[in-house]
Amino acid sequence: MGQPHPPFRFAKSRRLTRGIRRWVTAAAGALALTGGLVAVGPQASAAGLTQVTGFGSNPGNLSMYAYAPQALPAGAPLVVALHGCTQNASDYYAHSGWPTFADRYGFALVLPQTSSANNANSCFNWFEPGDSARGQGEALSIKQMVDKAVAQYGSDSRRVYITGLSAGAGMTANMLAAYPDVFAGGSIGSGLPASCATSVSAAYTCMYSPPDKSPAQWGALVRSAAPAGTTSWPRVAIWQGTADTTVQPANATELRDQWTDVWGIGQTPSRTRSLTGGTTLSEYDDASGEPAVQVYSVSGMAHGLAVDPGSGPEQCGSTGTYYLDTICSSYHTARFWGLDGAGQEPGPGSLPAPTGLAVASTADTRVSLSWNAVPGAASYEVYRAGTKVGSTASTAYTDTGLATGTAYGYTVAAVDASGAVGAVSASVTATTTGYTPTCHTASNYDHTVAGRAYQSGGSTYATGSGQAMGLWNTFTTHTLKQTAPGYYVVADSGCSA
């Protein structure tokens, strides 16, 4: 569905006219992921669900809700669950079944919530680069919620997982790509590949006729979104109904191609088996023989989240608009992630997580870190993007050989005299100095969404240089070269990074 102008710029910083907003609301029923599942859930006030404030700068203007079972021990896992359009945290909490398994297996839940102030139909802006990239907008707000929950509940930062439905699933895929150092696993329910869309018009294409990219092309989108040097990736479950006309089932195939390529494994299943609810599970093993990617295809299921109301051990949730009675997806996802304890690696040692992890200094190719000493620690292990990069007996470490102008995520764990590694600290992000020029080709509208340009009086201008780019719309395309942080020039005649 083409758009004559960019009416779906649901940004906090720019407000459209009331007439356009009314048109957007009327058109939203045809969108699902960009503007609307059609049933509005109750406000987030379900028993046991608590609003948490003060979780960070919150650039994405989101609300944080959380649930933790009584007497939750330190070092327990953490699950982040993202609702769909026109839904909210309470709706997802009430229907998805996740609270059942939080109680059964012992983990905390975080349920981020967006609103109509961000998007006319309270969708997470999965198709907006300024909201779905690392360190920006809604994505950063969700990361800040994780940090808050890890600190508040003493969660194990190595066992943080994220799941979502519809627009929440689109955002889940992007979060897994942008923060592989934060999430050990993800589950994408009726969703789309990471970085499939960077505009509303592209979102239509992804939903109804997803691009048929090669696995390598899809995988490259994840690698480019992740911190440089990432070698450890989350395990991903993909849920899709075969009768979904809102998010075409081909999206599950493209998701499979994307994440198997990221893992460096083939697209032929290691095994397939039949489950209840007409569900076929295909598993794709990593080099150690453990499933890295799972695809659940639910025969005859339309657009929504698979639930299975009842009191059986494999049942969960309740039916409702876009909560469909087939199979309990939350149960199978929890087991895939190892939340039930089956096949789980030994828990962390008894030493607590180091506190006060901070960036002491940065240079063009190095980052220096410091942290507070942990009583009883014989040494410390330092992790970059979830991968161990060094050990030290002191409370400081310098990581070298890095790329210029690049953000890196770090955590630290204490090691006792027996060699047992304790709990992992909260993460900190360090950005090296220097700058590597980059080139970007997109519509004027998409450039403004990404912050590479701005609009004034219906015209578009390059950020920094102020060069005129023509009308602000989705049809005029330019190539911009970023020559310094926050400075772009028009480079239509040729651009080399």
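Computed from a predicted structure; not experimentally measured.

Would you mind showing me how to read the state of the cysteines here?
Note on terminology: a disulfide is the covalent bond linking the sulfur atoms of two cysteines. On inspection of all chains with the given rule, the structure shows four disulfides. Note on cysteine connectivity: cysteine 316 is disulfide-linked to cysteine 328, with sulfurs 2.0 Å apart. Its torsion about the S-S bond being 105°, the disulfide of cysteine 316 and cysteine 328 is classed as right-handed. Pair noted here: cysteine 316 is in the loop between strand E11 (305-307) and strand E12 (323-325) and cysteine 328 is in the loop between E12 and helix H10 (329-337), with a separation of twelve residues, a long-range link. In the chain, the cysteines engaged in disulfides, taken in order along the sequence, are linked 1-2, 3-4, 5-6, 7-8.

Explain the pattern of salt bridges to me, please; I cannot follow it from the model alone.
Within the structure shown, the criterion is met by twelve salt bridges. In this structure, arginine 271 and glutamate 283 form a salt bridge, with 3.1 Å as the shortest nitrogen-oxygen distance. On the criterion of sequence distance, the pair formed by arginine 271 in strand E8 (residues 271-275) and glutamate 283 in strand E9 (residues 279-285) is long-range, its members being twelve residues apart. Since its relative accessible area comes to 34%, arginine 271 is described here as partly exposed. Residue glutamate 283 is classed as buried on the basis of its relative accessible area, which comes to 6%. Each member of the salt-bridge network shares a partner with another, and the members are Asp156, Arg158 and Arg159.

In this structure, what is going on with the environment of leucine 351? I would like to understand it.
In this fold, leucine 351 is placed in the loop between H10 and strand E13 (358-362). Judged by relative accessible area, leucine 351 falls into the buried class, the value being 10%. On a C-alpha basis, the gap between leucine 351 and valine 374 in space is 7.6 Å, while along the polypeptide they are 23 residues apart. Among residues more than four places away in sequence, those in contact with leucine 351 are Val374, Pro375, Gly376, Ala377, Ala414, Val415, Asp416, Gly422 and Ala423.

Teacher, can you tell me more about the sheet that holds E13 here?
In any sheet, the strands associate via hydrogen bonds between backbone groups, in a parallel or an antiparallel arrangement. Reading across from one edge, E13-E14-E17 is the order of the three strands in this open sheet, with antiparallel pairing throughout. Every interior strand has two partners, whereas the edge strands, E13 and strand E17 (396-399), have only one. Adjacent strand axes in the sheet meet at a mean angle of 25° when their direction is disregarded. One ladder, built from four bridges, connects strand E14 (residues 367-370) with E17; its direction is antiparallel.

What exactly am I supposed to notice about the pairing of strand E18 (residues 407-415) here?
Strand residues, when the strand is regular, have side chains that alternate between the two faces of the sheet. Of all nine residues making up E18, eight are buried, and the element is well covered by its neighbours. Two elements, strand E15 (residues 379-384) and E18, share six bridges in a ladder whose sense is antiparallel. The residue bridging glutamate 381 from the neighbouring strand is alanine 413, located in E18. Bridge count for E18 against strand E20 (residues 428-431) is four bridges, and the pairing is antiparallel. Residue alanine 407 lies in a different strand from E20, and its bridge partner there is threonine 431. Looking at chain direction, E18 and strand E19 (residues 421-424) are connected through two bridges and run antiparallel.

Even after reading the chapter, I still don't get the confidence of the model for the chain, so can you show me in this structure?
When pLDDT drops low, the exact placement of atoms in the prediction is not to be read closely. Scored by pLDDT, the chain has a mean of 87; 88% of the residues are at 70 or more. Under a pLDDT of 50 for its full length, residues 1-32 has, in the predicted model, 67 contacts with residues more than four places off or in other chains. Confidence drops under pLDDT 50 across residues 36-47; counting only partners more than four residues distant or on other chains, this segment forms 38 contacts.

How do you make sense of the side chain of histidine 95 when you look at a structure like this?
Of note, histidine 95 is situated in helix H2 (residues 89-95). On the basis of relative accessibility, which here comes to 17%, the residue histidine 95 falls in the buried class. Those residues in contact with histidine 95 that sit more than four places away from it in its chain are Val307, Gly317, Ser318, Thr319, Gly320 and Tyr323.

How each quantity is defined
- Counting of residues starts from 1 at the beginning of each chain's written sequence and follows it residue by residue.
- Given that the model is predicted, a residue must reach a pLDDT of at least 70 before its local features are reported, and side-chain atom pairs must reach 80 or more before they are shown or counted; all residues, however, enter totals for whole chains, interfaces and linings.
- Calculated side-chain values reflect all of the structure's heavy atoms, with hydrogen atoms and water omitted.
- Cysteine sulfur atoms are paired as a disulfide whenever they fall within 2.5 Å.
- A run of H or I in DSSP becomes a helix once it reaches four residues, and a run of E becomes a strand once it reaches two; helices and strands are each numbered from the N terminus.
- Should a side-chain nitrogen of Lys or Arg be within 4 Å of a carboxyl oxygen of Asp or Glu, the pair is scored as a salt bridge.
- When accessible area is computed with a 1.4 Å probe and restricted to protein chains, residues below 20% of their type maximum are described as buried, those above 50% as exposed, and intermediate ones as partly exposed.
- By definition in these notes, contact holds between two residues if any of their heavy atoms fall within 4.5 Å.
- Think of it this way: DSSP has to see at least two bridges between two strands before they count as a pair.
- Angles shown run from 0 to 180 degrees and are taken between the N-to-C directions of axes, each axis being a line fitted to C-alpha atoms and, for helices, limited to the stretch in contact.
- A score between 0 and 100, pLDDT records how confident the predictor is in each residue.

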